Amino acid sequence: MASAATAPPTPPSPASLKRIVAASLIGTTIEWYDFFLYGSAAALVFNKLFFPGSDPLVGTLLSFLTYAVGFAARPLGALVFGHYGDRLGRKKLLVLSLLLMGGATFAIGLLPTHATVGSAAPVLLTTLRLVQGFALGGEWGGAVLLVSEHGDARRRGFWASWPQTGAPAGQLLATGVLSFLTAVLSDAAFVSWGWRIPFLLSGVLVIVGLWIRLSVDESPVFKEALAQAEARKAARPTETEKLPLVSVLRHHWRDVLVAMGARMAENISYYVITAFILVYATTSAGVSKQTALNAVLIASAVHFAVIPAWGALSDRVGRRPVYLLGAVGIGLWMFPFFSLIDTGGFGNLILAVTVGLVLHGAMYAPQAAFFSEMFATRMRYSGASIGAQFASVAAGAPAPLIATALLADYDSSTPIALYVIAAAVVTVVAVGVAKETRHRDLADVEPAADTEPAPARTADARTV
């Protein structure tokens, strides 16, 4: 409950809220552009530039291995950014994450290849990928919380879903740039120097993103929580406030597990549909890489459009029903997905990817509000980030790698479809046992002190 010493947070004006949403959306778009650009390049050219001499599929596996390394750094980013984001505020950490991601991506565009510096090239590539993963691990939680904590509680699912559109927007931008370059350049020119252009473009995008992100205010819910924490410290100077991570693991460990389980189908399906498809369609279905890129490009545009609609629906019927619809749907779609790709037809390829991403959006759209509503304000950045990013190590990180290995071993899409279906089952169980959160007030979650056992939770209010 609000402290007597502080006034309740004042809701932002519609114009201010739109500016906050724009700042979060543009920042996440740039960061996902950087992250997805690497994934697409890993599937298309990095096997030739940094792992030459290998069998083509083995080279792709090694390339995806460096891709997975970025996910390994995301939990560390979640811990560090979550800790300081809960102590210092969301805005400062979001600026830092954007600088780190943009700098690493720009540097990849300047890297020498294996032909120039030998084995040092993949080492440098892997190091920069680690920086990308670290930055993205801290970005997601801060971006969705900045909007969730500003927005109207009745439409939180809708407003918080807009930063989620940064993923398809980044995918759209990255795939669009690569598709354009592969269309206007010869294969030799693209492999020689054309692949560098999208990475160097990140430097310009970061400048734009920083200019917009620096213009927004800190979350009023966080300001109030910080004031309450300072008041408690002044009243009881001998007590030491628990670290956000400690508080999360003490009071919200079930919520962390739910968040991790909820991400399994969402994360795995997304990277199979958008990254692995570039391998499968070109090697097994005989589709050109230009055709595969164009299909992902069109589907990403639809994905971008449906995410706010799913978010709005979660405000009406709840986070869980929408999320479960997406999880069940993606599991049922996997066999038709690969069957359509196997035909080699461009229309079927578009249909396969588009339906897959629409169903993915039903999970991804309510995720921002769902995870935000699980945790108390002074540990929300840590809790949401830990739940989301630790899952990515087991889900998104190895997904293209596992899918490629299954294809190499079995020369069939069936094991890959079963892999995604298994992830969907995990997500259905996790979301099925979770409590509905859409009525929770994010401002009404502050503890009197983090030294006593947490009271029972209700569906409409939280204490910790």
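Computed from a predicted model, the values in this text were never measured in an experiment. (Residues numbered from 1 in each chain as written. Predicted model: local features only at pLDDT ≥ 70, side-chain atom pairs only at ≥ 80, totals over all residues. Heavy atoms only, no water.)

A. Expanded view of the overall build of the protein. The helix and strand tally for the protein stands at 20 helices and zero strands. Counting over 464 residues, the protein shows a buried share of 59%. In the protein, the share of contacts with a sequence separation of at least 24, taken over all contacts with a separation of at least 6, comes to 86%. When the accessible area of the protein is evaluated, it comes to approximately 16,600 Å², of which 69% is carbon and sulfur surface. (Helix = DSSP H or I, 4+ residues; strand = E, 2+ residues; numbered from the N terminus. Buried < 20%, exposed > 50% of the residue type's maximum accessible area, 1.4 Å probe, protein only. Contact = heavy atoms within 4.5 Å. Areas by Shrake-Rupley, 256 points an atom, 1.4 Å probe, with all protein chains shown as cover.)

B. Main features of the pattern of salt bridges. All told, the structure shown has five salt bridges when counted by the stated rule. Asp-187 is paired through a salt bridge with Lys-289; the nearest N and O atoms lie 3.8 Å apart. Of this pair, Asp-187 sits in helix H10 (residues 187-194) while Lys-289 sits in helix H15 (residues 289-317), and the two are 102 residues apart along the sequence. (Salt bridge = Lys/Arg side-chain N within 4 Å of Asp/Glu carboxyl O.)

C. Molecular detail of the confidence of the model for the protein. Mean pLDDT over the protein: 82, with 85% of residues reaching 70 or higher. Between residues 1-8, whose pLDDT stays under 50, and residues either more than four places distant or in other chains, the model counts twelve contacts. In the model, residues 445-464 has pLDDT below 50 throughout and makes 55 contacts with residues more than four positions away in sequence or in other chains. (pLDDT = per-residue confidence, 0-100.)

D. View of the packing of aromatic side chains. Overall, the coordinates contain twelve aromatic pairs when judged by the stated rule. Of the aromatic side chains, those joined through ring pairs into one cluster are Phe-158, Trp-159, Trp-162 and Phe-304. (Phe/Tyr/Trp six-rings, centres within 6.5 Å; stacked < 30°, edge-to-face > 60°.)

E. Representation of the packing of helix H14 (residues 253-283) against helix H18 (residues 377-394) within the structure. Running from amino to carboxyl end, H14 crosses H18 at an angle of 45°, the nearest separation of the two axes being 8 Å. Judged on the interaxial angle alone, H18 and H14 are oblique. Of the two possible hands of crossing, H14 and H18 adopt the one that is right-handed. Residues Val-256, Ala-259, Met-260, Arg-263, Met-264 and Asn-267 of H14 lie in contact with H18, whose contacting residues are Ile-386, Gly-387, Ala-388, Gln-389, Phe-390, Ala-391, Ser-392 and Ala-394. Considered class by class, the residues forming the contact of H14 with H18 number nine nonpolar, four polar and one charged. (Axes fitted to C-alpha atoms, helices over the stretch in contact; angles between N-to-C directions. Parallel < 35°, antiparallel > 145°, perpendicular 65-115°, else oblique. Left-handed = near helix turned anticlockwise from the far one by under 90°. Nonpolar A, V, L, I, M, F, W, Y, C, P; charged D, E, K, R; others polar.)

F. Quick peek at the environment of Leu-178. Take Leu-178: it is sitting in helix H9 (residues 166-184). Note: C-alpha distance between Leu-178 and Gly-194 (16 residues apart in sequence) is 9.0 Å. The contact partners of Leu-178, leaving out residues within four places of it in the chain, are Leu-37, Ser-40, Ala-41, Phe-190, Pro-198 and Leu-293.

G. Fine view of helix H19 (residues 399-410). When the terminal C-alpha atoms of H19 are compared, their 16 Å separation across twelve residues agrees well with the 16 Å that a helix rising 1.5 Å per residue should span. Those residues of H19 that sit buried are Ala-399, Pro-400, Ala-403, Thr-404, Leu-406 and Leu-407. The arc that holds every buried residue of H19, seen down its axis, measures 160°, which confines them to one face. Asp-411, located one to two residues past H19, shows a positive phi value of around 50°. (Expected span 1.5 Å × (residues − 1). Arc of directions from axis to C-beta.)

H. Looking closely at the packing of H15 against helix H17 (residues 346-372). Interaxial distance between H15 and H17 falls to 7 Å at its minimum, and their mutual angle equals 30°. As the angle between them shows, H15 and H17 are arranged roughly parallel. Remark: the crossing between H15 and H17 carries right-handed chirality.

I. Here's a closer look at unusual backbone geometry. Backbone geometry at Asp-411 places phi at a positive 50°, although glycine is not the residue there. Positionally, Asp-411 belongs in the loop between H19 and helix H20 (414-433).

J. Expanded view of the environment of Gly-82. With respect to the helices and strands, the residue Gly-82 is situated in helix H4 (residues 74-88). The spatial distance from the C-alpha of Gly-82 to the C-alpha of Ser-382 is 3.9 Å, given a sequence separation of 300 residues. If we skip the residues at most four places from it in the chain, Gly-82 touches Gly-77, Tyr-381 and Ser-382.

K. Inspection of the nonpolar core at higher detail. Counting 134 residues, the largest nonpolar core has Phe-46, Phe-337 and Phe-371 as the members making the most contacts within it. With 17 residues, H14 is the largest single contributor of residues to this core. (Core = buried A, V, L, I, M, F, W, Y, C linked by side-chain atoms within 4.5 Å.)

L. Representation of a nonpolar patch on the surface in the model. Where nonpolar side chains cluster on the molecular surface, the patch consists of Leu-76, Leu-79, Val-80, Tyr-84, Leu-88, Leu-245, Leu-249 and Phe-390 and spans about 660 Å² of accessible area. The dominant element in the nonpolar patch, judged by the number of residues it contributes, is H4, at five residues. Among the structural elements, Leu-245 can be located in helix H13 (residues 244-251). The class of Leu-245 is partly exposed, set by a relative accessible area of 33%. (Patch = residues over 30% accessible without salt bridge, like charges linked within 9 Å, V, L, I, M, F, W, Y side chains within 5 Å.)

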